[in-house]
Amino acid sequence: MSRFVVTGASGLLGLNLSLQISVNDEVLGIANTSPLNGLPFEIQLMDLVSDNFEEDVLEIYKPDAVIHCAAIANLEECEKNPELAYHTNAVVPGEIAFQCRKRGVKFVHISTDAVFDGKSGNYSEDDLTNPLSVYAKTKRAGEENVQNQNPDAIIARVNFFGWSLSGTRSLGEFFFNNLISKNPINGFIDVNFCPLYVSHLSNLLLEMVKVDLSGIYHVVSSDHMTKYEFGCAIANQFGLDHSLINPISVTKSNLKAERSLNLTLSSKKLSNDLNRSIPTTLDGINQFYEDYQNGYAQKIRNYSIEN
Ligand SMILES: NC(=O)c1ccc[n+]([C@@H]2O[C@H](COP(=O)([O-])OP(=O)(O)OC[C@H]3O[C@@H](n4cnc5c(N)ncnc54)[C@H](OP(=O)(O)O)[C@@H]3O)[C@@H](O)[C@H]2O)c1
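The rules behind the values
- Every chain is numbered on its own, with residues counted from 1 as its sequence reads.
- Under the rules for a predicted model, residues below a pLDDT of 70 receive no local features and side-chain atom pairs below 80 are neither given nor counted, while totals for whole chains, interfaces and linings still include all residues.
- Each side-chain value is worked out from all heavy atoms of the structure, with water and hydrogens disregarded.
- In the cavity and pocket records, a cavity denotes points on a 1 Å grid over the protein atoms alone where a 1.4 Å probe fits but cannot get out, a pocket denotes an open set with protein on both sides within 12 Å along at least 5 of 7 lines, and lining residues are residues with an atom within 4 Å of a point.
- Grid points are joined across faces, edges and corners, and a volume is the space filled by probe spheres set on the points.
- Comment: elements are numbered from the N terminus, with helices defined as DSSP H or I runs of at least four residues and strands as E runs of at least two.
- Pairing between strands is defined by DSSP: at least two bridges between the two strands are required.
- Convention adopted: a line fitted to C-alpha atoms gives each axis, helices being fitted over their contacting stretch, and angles between N-to-C directions are expressed from 0 to 180 degrees.
- Note on contacts: a residue pair is in contact if any heavy atoms of the two residues lie within 4.5 Å.
- Here a residue is near a molecule or strand as soon as one of its heavy atoms is found within 4 Å of it.
- The definition of a polar contact used here is a pair of N or O atoms within 3.5 Å, where within protein one atom must be able to donate a hydrogen and the other to accept one, and adjacent residues in sequence count solely through side-chain atom pairs.
- Every accessible area reported is derived by Shrake-Rupley at a probe size of 1.4 Å, with residue values counting cover from the shown protein chains alone.
- Cysteine sulfur atoms that pair up within 2.5 Å are treated as a disulfide.
- Roughly parallel here means an angle under 35 degrees, roughly antiparallel means over 145, roughly perpendicular means 65 to 115, and every remaining angle is called oblique.
- Each crossing gets its hand from how the near helix is turned against the far one by less than a right angle, where anticlockwise is left-handed and clockwise is right-handed.
- For this classification, Asp, Glu, Lys and Arg are treated as charged, while Ala, Val, Leu, Ile, Met, Phe, Trp, Tyr, Cys and Pro are nonpolar and the rest, including Gly, are polar.

Roughly 270 Å³ of volume is contained in the second largest pocket. In this structure, the second largest pocket is lined by 14 residues; those nearest its centre are Phe4, Asp25, Leu206, Glu207 and Lys210. For the lining of the second largest pocket, the secondary structure elements donating two or more residues are α1 (12–21) and α7 (198–210). Take the lining of the second largest pocket: its biggest share by element is 5 residues, from α7.

An order of β3-β2-β1-β4-β5-β6-β11 is seen for the 7 strands of this open sheet, with the pairing classed as parallel. Two strands in the sheet have a free side with no partner beyond their single neighbour: β3 (42–45) and β11 (215–219). Ignoring which end each strand starts from, the neighbouring axes of this sheet average 20° apart. Inspection of the sheet shows strand β1 (residues 3–7) paired to strand β4 (residues 65–68) by 4 bridges, in the parallel sense. The residue bridging Val6 from the neighbouring strand is Ile67, located in β4. Contacting β5 (106–112), β6 (154–158) and β11, helix α5 (residues 134–149) crosses the sheet at an angle of about 155° to β5.

In the vicinity of the ligand lie 28 residues, with Ser10, Thr33, Asp47, Tyr135 and Lys139 positioned nearest. Contact between the ligand and Ile110: an oxygen atom at 3.3 Å from a main-chain N or O atom of the residue. Arg169 places a polar side-chain atom, nitrogen or oxygen, 2.9 Å from an oxygen atom of the ligand. Here the ligand, which alone exposes 910 Å², has 87% of that area covered by the protein. Listed by contribution, the elements that provide at least two residues to the shell around the ligand are α1, β5 and α5.

All chains considered together, the criterion is met by 0 disulfides. Cysteine Cys100 is unpaired, with the sulfur of Cys69 as its nearest cysteine sulfur at 13 Å. Counting only cysteine sulfurs, Cys194 is the nearest neighbor of Cys232, a cysteine outside any disulfide, at a range of 18 Å.

Contact geometry of helix α4 (residues 82–103) with α5 gives a least axis separation of 8 Å together with a crossing angle of 15°. With respect to α5, the element α4 is oriented roughly parallel. In the crossing of α4 with α5, the sense of the turn from one axis to the other is right-handed. Residues Pro82, Ala85, Tyr86, Asn89, Ala90, Val91, Pro93, Gly94, Ala97, Phe98 and Arg101 of α4 form the contact with α5, whose participating residues are Val134, Tyr135, Thr138, Lys139, Ala141, Gly142, Asn145, Val146 and Gln149. Residue composition of the contact of α4 with α5, grouped by class: 12 nonpolar, 6 polar and 2 charged.

That is the geometry; function is a separate question.
Here is the structure:
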C-alpha cells in the first residue's frame, strides 16, 4: 500500500482522484476553503500560499508521492488577480517540488493543454509553448519552476471533465445541466480539444507514478473534437436534445481571457511509455453517463458541507 498526498482535494480532479486512490491506498487530501463531509479519506484544510506544506504535511504524513492538483484554474479569476494566480500556479508548485525532491517523495504536477497558443494543434511534448492568458502563463511558469527544482517530477498536461462537488465545475456538467433543464446554450465550433474523463485521467496518473515516469507528458484523450461536438455527444449519450446547442464561434463570446483555438495534443509518448492505449473522449462520455446512472454524481455532491 502506498501513501499519497493530493492537493486540490476539493476540486474536480483532486476529489475524484483522492476517492479513486482511497479504494486501494492511503490518501491525505489538502483543500483550502471548501470544507467536506463524510469522505472515505482524511482531509486537511490549508492555504498552500501561506502555510508550511513541508512541516505540516510532508514531515508528519510522510507520503510516497504528492499529486499537486491545487491551482487557481478559473481563467477569468486569474485575469482579475494575476499576482495571486502567479503565486498559486507558479511559485507554490516549485516550492513543493523542491521539498519533495529533498525528501525523496515522488512529485506529480498537474499542468494544462493551454500552455500552447493553439495555432497549429497535434502538439507533442517537444513543441514550443506560447501561453496566451494569465492563467496559461502562470501554469507554464509553474512547469518551469517544477522542472528546475525537481527533474524527477512528472508534469502532466491535462484536459478533463467529470462530476464535481458543486455539480457545476466541468464542461461536461455545463452541457448536462443546461440540456436537462432545456436551456439553449452556445457550443464553440472553432475550439478543438482532447478531454479525458476524470477517472480515466486518474488511472493514468496512478500508472505513471507506479512505473516511475518523469518529465513532461500529454495526458489527454487519444481523439479530439470541438466543444460543440462535445456538447452534442453528451446530449446523444443522455438522450437529450442537441438542437438546444447553438453552434457559434468563440470570437462571438464575451469571455475576457484569450483562449487558444486548437488545443489538440498528442498522447503518443504516454501511450508508448505505458505500453497501453489511451481512452477516447467518447469512452469518457460513456463512463460519465454510467457514473450518473450508478449514483456517483450525486455521491460526489453529498460530500459538500452545503448539502
Ligand atoms: N478543469 C480542467 O479542464 C483543467 C484543464 C487543464 C488543466 N487543469 C489543471 O488541473 C488541475 C486541477 O483543476 P480542477 O479543475 O480540478 O481545479 P478546481 O476544481 O478549480 O479546484 C482547485 C483546487 O485548488 C485548491 N486551491 C486553490 N488555491 C489554493 C491554495 N492557496 N491553497 C490550497 N488549495 C488551493 C482549491 O481549494 P478550495 O476549493 O478548498 O479553496 C481546489 O481544491 C489544476 O492544476 C488545473 O490548472 C484543469
